[in-house]
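In case you want the letters, here they are:
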Amino acid sequence: MKKMFLFLIMASAISCGKKVSQENASTTPKEPEKEAVVGGDSDSHGCKASAGYTWSVLKKECIRVFENSTRLNHAEDGKAYSTVSYVIFDGNKAELFLDTQKESIILERKSEGDSWINGDWQLIPWKGYVLKKAGKILYTGE
């Protein structure tokens, strides 16, 4: 009985092996599937947006603006926003990464305690920060 059982198991294994090899022989070889390249979205500076990186003109490197920066929220204007903006500082310069602008904006201030300015943009250090454009408050942050 044991010999018969062992024989059935071996015969079954050999049969399955032949069937698999016959199936492989009868199918036409396929080209290997191309793997999706993760992070293949580098910008002109080599920053990978899919990994959260963007180019900083101020730092001259790829950064993740949501790390080591100050968050700016849209000012209360009765609208609901699902996005935020950020500002980073380096000495007397500030770089704005606004959700409404494609490129960042560099602001400068003359001395400690002054506002950072670029044209009609003004970042005021008051109860955190207030960002104005042409005198209108657009963002606030802490």
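Reading the values: rules and limits
- Residues numbered from 1 in each chain as written.
- Predicted model: local features only at pLDDT ≥ 70, side-chain atom pairs only at ≥ 80, totals over all residues.
- Heavy atoms only, no water.
- Pairing = 2+ DSSP bridges.
- Helix = DSSP H or I, 4+ residues; strand = E, 2+ residues; numbered from the N terminus.
- Disulfide = S-S within 2.5 Å.
- Buried < 20%, exposed > 50% of the residue type's maximum accessible area, 1.4 Å probe, protein only.

Under the annotation held in an unreviewed UniProt entry, the protein chain carries the name Lipoprotein and is attributed to Flavobacterium anhuiense.

Q: Please explain the pairing of strand 9 (residues 129–133) as it appears in this structure.
A: It is a general feature of regular strands that their side chains alternate between the two faces of the sheet. Across 4 bridges, the pairing between strand 8 (residues 121–124) and strand 9 is antiparallel. Looking at the pairing, glutamine 122 lines up with lysine 132 of strand 9. The turn linking strand 8 back onto strand 9 is made up of 4 residues, and lysine 127 within it adopts a positive phi angle of 50°. Of the pairings in the sheet, the one linking strand 9 to strand 10 (residues 136–141) comprises 5 bridges and is antiparallel in character. In the strand pairing of strand 10, tyrosine 129 is matched with glycine 141. The turn linking strand 9 back onto strand 10 is made up of 2 residues, and alanine 134 within it adopts a positive phi angle of 55°.

Q: When you look at the state of the cysteines in this model, what are you seeing that I'm missing?
A: When the sulfur atoms of two cysteines share a covalent bond, that bond is a disulfide. On inspection of all chains with the given rule, the structure shows 1 disulfide. In this model cysteine 47 forms its disulfide with cysteine 62; the gap between the sulfur atoms is 2.0 Å. The S-S bond linking cysteine 47 to cysteine 62 shows a torsion near -90°; that makes this disulfide left-handed. Here cysteine 47 is found in the loop between helix 1 (2–26) and strand 1 (54–56), whereas its partner cysteine 62 is found in strand 2 (residues 61–63), with 15 residues between them in sequence. Among the residues examined, cysteine 47 registers a relative accessible area of 2% and is labelled buried. Here cysteine 62 falls in the partly exposed class, since its relative accessible area comes to 27%.

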